[in-house]
Amino acid sequence: MSDWTHQLFAMQLPDGWVLLENILQSVYTGTIVGCIYGLMCVGLALIFSVMRVINFAQGESLMLGMYAAFFCFAHLGLNALLGVYIGPFVSALLSGVFVFVLGVAIYELLLRHITGMRVAKSEGEGHYPQLTLTLGLSLMLSNGALLLFGSTPQTMRTPLSSTAWEIGPLGETGMMLFLNQGRTVAAFVAVAVAMGVSLFISRSRVGTMMRAAADNPMAATFVGIHVGKSHRLAFALGSAITAIAGGLIATYYPFQPYIGVEFIIIMYTGVMLGGMGSVSGAFLGGLTIGLVQQVSTLVLPNQLQNAAIFVVFLVILLVRPQGLFGRSVERV
Amino acid sequence: MTSTAKTSAPLSNALAWILGSSVLYAGAVWLVQDRYYQLLFTLAPIWALVGVAWNIFSGYSGLMSFGHAAFFGVGAYTVALLMTLFGISPWFGLVIAGFAGAGSGVLIGWPTFRLRGHYFALAMLAFPLALLYVFEWLGFQEVTLPMMRENPMAYMQFADQRIYVLIALSLLVTALLVNLKLAHSRFGLSLLAIKQNEAAAMACGINPVPWKFAAIAISGAFTAMAGGLYAVVLLIVTPHTVFGMLSSAQALIVTLFGGIGTIAGPVLGAFVLIPLGEILHAELGHKFPGIQGVVFGAAIILVVLRAPEGIWPWLQSLKKKPVTQDPEPLSLDVRSFVRSHFTTEHAPRQLMSVKDVTVRYGGLYALRDVSFDVYEGEILGIIGPNGAGKTTLFNTLNGFVTPLSGVWSMNDQTLSGRQPYDICRAGVGRTFQVVRTFPRMTVLDNVIIATFFAQSDDQLSRNMATLAVDRVGLGPRLNSLAASLTTVELRLMELARALAPQPKILLLDEILAGLGTNETEHVLKVIESIRQSGVTVVIIEHTMHAMVRLTDRMLVLNHGVVCAEGDPQVVTSNPLVIEAYLGKRWSARAQA
């Protein structure tokens, strides 16, 4: 560590152990939050890798996931049925089903007309209609949600959200770590879902078809794969995955209809870091963002947390445009 | 010349349109008394200005910018902070904002232009959002422009809001005039070429980088001035309103809605969408919050599905039904080609020399120690089986591929290590195996692009291009879109493009591929006539029959190595060459 940071810490922290404690705490929180971000990014990456569409409305999938989970929990009676401990997480998973159905509908009604073989191959110009459409979709969904749900922030807080496992004090150092129970459980659910998705894509028959359609839509058609169906599945599944992540975030973070914008940047950044189009890379990308965001609070003022993400994002982009964890998937 | 009249007629037409409609707009606004509607009439041209600025960059270069809020915000804060901190009037502030916007454009472009496609689009997104947090952190959460009661005029504070409309309008008109000028100059044409096919543009001697910088600087300047005026009109600046996603999105939306790459598009988009959104918000917003967003979104989706090019091109397609008339058939010279024998009065003079060029892809050598000379005035044929490294050799010679080692030079001027556009400017013309055109440009424009570096006068450029098109016999297709040409016409167009800037040497990559017998004879004669005019030709070709008739010398590549060189008749009976093409058995039979 440089002298400069030493001095900085020396001003704030009298004791080296406190510094270590802070580092451990932020690394832990970063990992936990990062896992949920990772799941969120997996959804966007799936859509991008198969359809080659930058989906501007992905933040709205997240937002709808939050409201769907809230609806399941508070109004469908999962609250009463499963209790406040399991209920929120089951609600989060169920929100995926809602948004999956919505995703199929959006694909059939709108996206079908402007995606597919024609644009999958093109770079740049061919994407204007898709960008515009998902931008319009994003506007409609976020403002539609405002119409329906109002602007009052909601939460799905559970007793778990405000309890923590305490570790320590560790020996004579006196270090204490607080592991938030709600977030930790949410992170485990996120990892499980991400692993499930990854297995589905790499092992299942449908997943293989989807990868083939992503890799070379023309060749996929020649071997009898329905590219349109693959795109529909990718869009619906990608939206659902991000929605589940939204449901999980809703268990510890208040939300309102415009929350998508807050997270869409994290998603883009994560997907870019992971090497656009790589699903497992996107998870690692999201994880990295979580870590950067939390660890940066040690050295930077809180307001610059997100600025730090962008700086890391730009630096990595310029040094390794293919992403931290990906090979270059962008077609030339 | 008639072509001058052709371009200047729509130019003066557009000029009349711009000036006429802005006078009408100003007149209409003068009748409006309601302050709210006056504000509305000011915001529409401001966002139209942002749209026009966005279009100057993204519409022409094809690089999607999601980050124009960065320029908008820089402009807004420049004006606001100059006034609150230093008491500098917005009259000067706006000008300084313009420079600040241009400067930020260059600063942002400098690292970001290395990225392409989606990467570029997303990288641009990061700049305004990072700035948003930085400005919050600096403590500029809310900057209010102070009221100057003593001398309001000097500080752009008018009791009559309609003055702001005039200021916004005059900025918009300036931007439109600049746009118009750019669109009809080599600036617009070069950027369109880069957008449609960057590799081909570079092979035509265009260096994409300065053009992109110019575009982003101009675009940034206008966007920043719009931001500055926005600050003056609303009197309050917050990071979220100016750097937020919505500012960038607004620029995209009005342009894509109106019609990307058109001059009128962004203006039309802004004047429809901005008032629509604002009025919905004002009239129904209290009962249905978010209604303007829903309607906005729906309008955009509808346009994408019904008129994906945007409203303006859609309106124009309604107005005039394109008359499809069959173009007159191209008259090809189909007489059988007879070579005029190559003789030089002096001993052959070496024009290009290639030494020890080695190219490796991973563990595979595409070229290994390739050395040869090209003599002035000759036609050198390069043959070899598929995968022998012929195209790689051309790609190396004109700078697309960086070799592991090797030097090549022309007339003692080193070419190795230079960029494709630079090599082109040194006098190396090039055609491609798979024709690389600018599909949505006319044949003439395609060729004009290639003359820019050789000729700084636009009119003379046009003449050079017309001459080249005539020389290859493509005259009747001068004003056809490249996308509508047949294979032989495309090949000829590419030949004209390579020929137009009067190169010293032409590299032709399988120019005869896919041509019929008659077409081949025509092209062979064109090549021969090019040589007779003093241009040296190096040609890659598979059709051995044509090559033996056309070339003075042949060079045979096999597995990236030169395996034979010399007189066509001798080379083609060389057992090594027969073996390379047909296998050992045939070479044995030929020797027997």
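Residues numbered from 1 in each chain as written. Chains lettered and ligands numbered in written order. Predicted model: local features only at pLDDT ≥ 70, side-chain atom pairs only at ≥ 80, totals over all residues.

(A) Examining the overall build of chain A more closely. Along its length, chain A carries 13 helices and two strands. In chain A, the proportion of contacts linking residues at least 24 apart, taken out of those at least 6 apart, comes to 77%. (Helix = DSSP H or I, 4+ residues; strand = E, 2+ residues; numbered from the N terminus. Contact = placed C-beta atoms within 7 Å.)

(B) Region of interest: the overall build of chain B. When its secondary structure is counted, chain B shows 24 helices and twelve strands. Burial analysis of chain B (592 residues in total) assigns 50% to the buried set. Nonlocal contacts in chain B, meaning residues at least 24 apart in sequence, comprise 75% of its contacts between residues at least 6 apart. (Buried ≥ 20, exposed ≤ 12 C-beta atoms within 10 Å, placed from the backbone.)

(C) Summary view of the pairing of strand E9 (residues 505–509) of chain B. Residues and elements named next belong to chain B. Here E9 lies mainly inside the structure; five of its five residues are buried. Taking every second residue as pointing to the same face, both faces of E9 are buried, with Ile505, Leu507 and Asp509 on one and Leu506 and Leu508 on the other. Here three bridges tie strand E8 (residues 428–430) to E9, and the two strands are oriented parallel to one another. Counterpart to Gly429 in the pairing with E9 is Leu506. (Pairing = 2+ DSSP bridges.)

(D) Here's a closer look at the interface of chain A and chain B. Each side of the interface is counted separately: chain A has 41 residues, and chain B has 39 residues. Looking at the side of chain A that touches chain B, the elements with two or more residues in it are helix H6 (128–149), helix H11 (259–273) and helix H13 (305–319) of chain A. A per-element tally of the side of chain A that touches chain B places H6(A) first, with 15 residues. In terms of residue class, the side of chain A that touches chain B is made up of 28 nonpolar, ten polar and three charged. (Nonpolar A, V, L, I, M, F, W, Y, C, P; charged D, E, K, R; others polar.)

(E) Expanded view of the domain arrangement of chain B. Residue and element names in this part refer to chain B. We note that the domain assignment places domain 1 (13–255) and domain 2 (350–591) within chain B. Between domain 1 and domain 2, the C-alpha centre-to-centre distance is 45 Å. Listed per partner, the contact involves 17 residues of domain 1 and 23 residues of domain 2. Elements supplying a minimum of two residues to the side of domain 1 that touches domain 2: helix H7 (186–196) and helix H8 (198–203). Tallying contributions element by element places H7 first for the side of domain 1 that touches domain 2, with six residues. For the side of domain 1 that touches domain 2, the class distribution of residues is ten nonpolar, six polar and one charged. (Domains from an automatic or database assignment.)

(F) Quick peek at the sheet that holds strand E5 (residues 379–383) of chain B. Residues and elements named next belong to chain B. Across the sheet, which stays open at both edges, the six strands sit in the order E8-E9-E10-E5-E11-E12 with mixed pairing between neighbours. Edge positions in the open sheet fall to E8 and strand E12 (561–566), since each of these has one partner strand only. When the angles between neighbouring strand axes are averaged without regard to direction, this sheet yields 20°. Sheet analysis places E5 next to strand E11 (residues 553–558), joined by four bridges and oriented parallel. Bridge pairing in E11 places Ile383 opposite Val556. In the packing of helix H23 (residues 575–582) onto the sheet, contacts are made with E11 and E12, and the angle to E12 comes to roughly 130°. (Axes fitted to C-alpha atoms, helices over the stretch in contact; angles between N-to-C directions.)

(G) A look at unusual backbone geometry. Even without a glycine there, the phi angle at Arg52(A) is positive, about 60°. Inspection of the secondary structure puts Arg52(A) in the loop between helix H2 (16–51) and helix H3 (58–74).

(H) Looking closely at the environment of Val99(A). All names here are of chain A. Structurally, Val99 is set in helix H4 (residues 78–109). On the neighbour-count criterion, Val99 (32 C-beta atoms within 10 Å) is buried. Spatially, the C-alpha atom of Val99 lies 9.2 Å from that of Leu62, the residues being 37 residues apart in sequence. For Val99, the residues in contact, after removing those within four places along its chain, are Ser61, Leu64, Gly65, Ala68, Ser239, Ala240 and Ala243.

(I) Molecular detail of the pairing of E11(B). Residue and element names in this part refer to chain B. By the criterion of burial, E11 is predominantly enclosed, with five of the six residues buried. For E11 and E12, the ladder comprises five bridges, and the chain directions are antiparallel. Bridging from a neighbouring strand, Leu557 pairs with Val562 of E12. Between E11 and E12, which follow one another and run antiparallel, lie two residues, and His559 among them has a positive phi close to 50°.

(J) Representation of helix H17 (residues 443–451) of chain B within the structure. Most of H17(B) is tucked away, with eight of its nine residues classed as buried. For H17(B), the set of buried residues is Val443(B), Leu444(B), Asn446(B), Val447(B), Ile448(B), Ile449(B), Ala450(B) and Thr451(B).

(K) Main features of the packing of H11(A) against H13(A). Residues and elements named next belong to chain A. At a minimum axis separation of 10 Å, H11 and H13 run at an interaxial angle of 30°. If you check the angle between H11 and H13, you find them roughly parallel. Classified by chirality, the crossing of H13 by H11 is left-handed. From H11, Thr269, Met272 and Leu273 reach across to H13, where they touch Ile309, Phe313, Ile316 and Leu317. When the residues that make up the contact of H11 with H13 are grouped by side-chain class, the tally is six nonpolar, one polar and no charged. (Parallel < 35°, antiparallel > 145°, perpendicular 65-115°, else oblique. Left-handed = near helix turned anticlockwise from the far one by under 90°.)

(L) Quick look at the environment of Val29(B). All names here are of chain B. Looking at the element boundaries, Val29 is found in helix H1 (residues 2–30). For Val29, a count of 21 C-beta atoms within 10 Å puts it in the buried group. Ignoring any residue separated from it by four or fewer positions in sequence, one finds Val29 in contact with Phe41, Arg162 and Val165.

(M) Region of interest: helix H3 (residues 69–86) of chain B. All names here are of chain B. Relative to the 26 Å expected for 18 residues at 1.5 Å per residue, H3 spans 24 Å between its end C-alpha atoms, a close match to the ideal helical length. Of all the 18 residues making up H3, 14 are buried; the element is thus mostly covered by neighbouring parts of the structure. One or two residues past the end of H3 sits Gly87, with phi positive at roughly 65°. (Expected span 1.5 Å × (residues − 1).)

(N) Quick look at the confidence of the model for chain A. Looking at chain A, pLDDT values average 81 and 87% of them are 70 or higher. In this model residues 120–124 of chain A is a low-confidence stretch, pLDDT under 50, and it forms six contacts with partners more than four residues away in sequence or in other chains. (pLDDT = per-residue confidence, 0-100.)

(O) Quick look at the sheet that holds strand E3 (residues 350–361) of chain B. Residues and elements named next belong to chain B. If you walk across this open sheet you meet the four strands as E4-E3-E6-E7, and the pairing is antiparallel. Looking at strand neighbours, the two that pair on one side only are strand E4 (364–375) and strand E7 (413–414), the edges of this open sheet. Note: E3 against strand E6 (residues 405–410), five bridges, orientation antiparallel. Looking at the pairing, Ser353 lines up with Ser409 of E6. The sheet contacts of helix H15 (residues 390–397) involve E3, E4 and E6, and relative to E4 the element is tilted by about 65°.

(P) Fine view of the packing of H3(B) against helix H9 (residues 208–234) of chain B. All names here are of chain B. Where H3 meets H9, the axes come as close as 6 Å, and the angle between the chain directions of the two elements is 50°. As far as their axial angle goes, H9 and H3 are oblique. The interaxial crossing formed by H3 with H9 has right-handed handedness. Contact with H3, carried on its side by Phe71, Phe72, Gly73, Val74, Gly75, Ala76, Thr78, Val79 and Ala80, involves Gly220, Thr223, Ala224, Met225, Ala226, Gly227, Gly228, Tyr230, Ala231 and Val232 of H9 and no other residues of that element. Tallied by class, the residues present in the contact of H3 with H9 amount to twelve nonpolar, seven polar and no charged.

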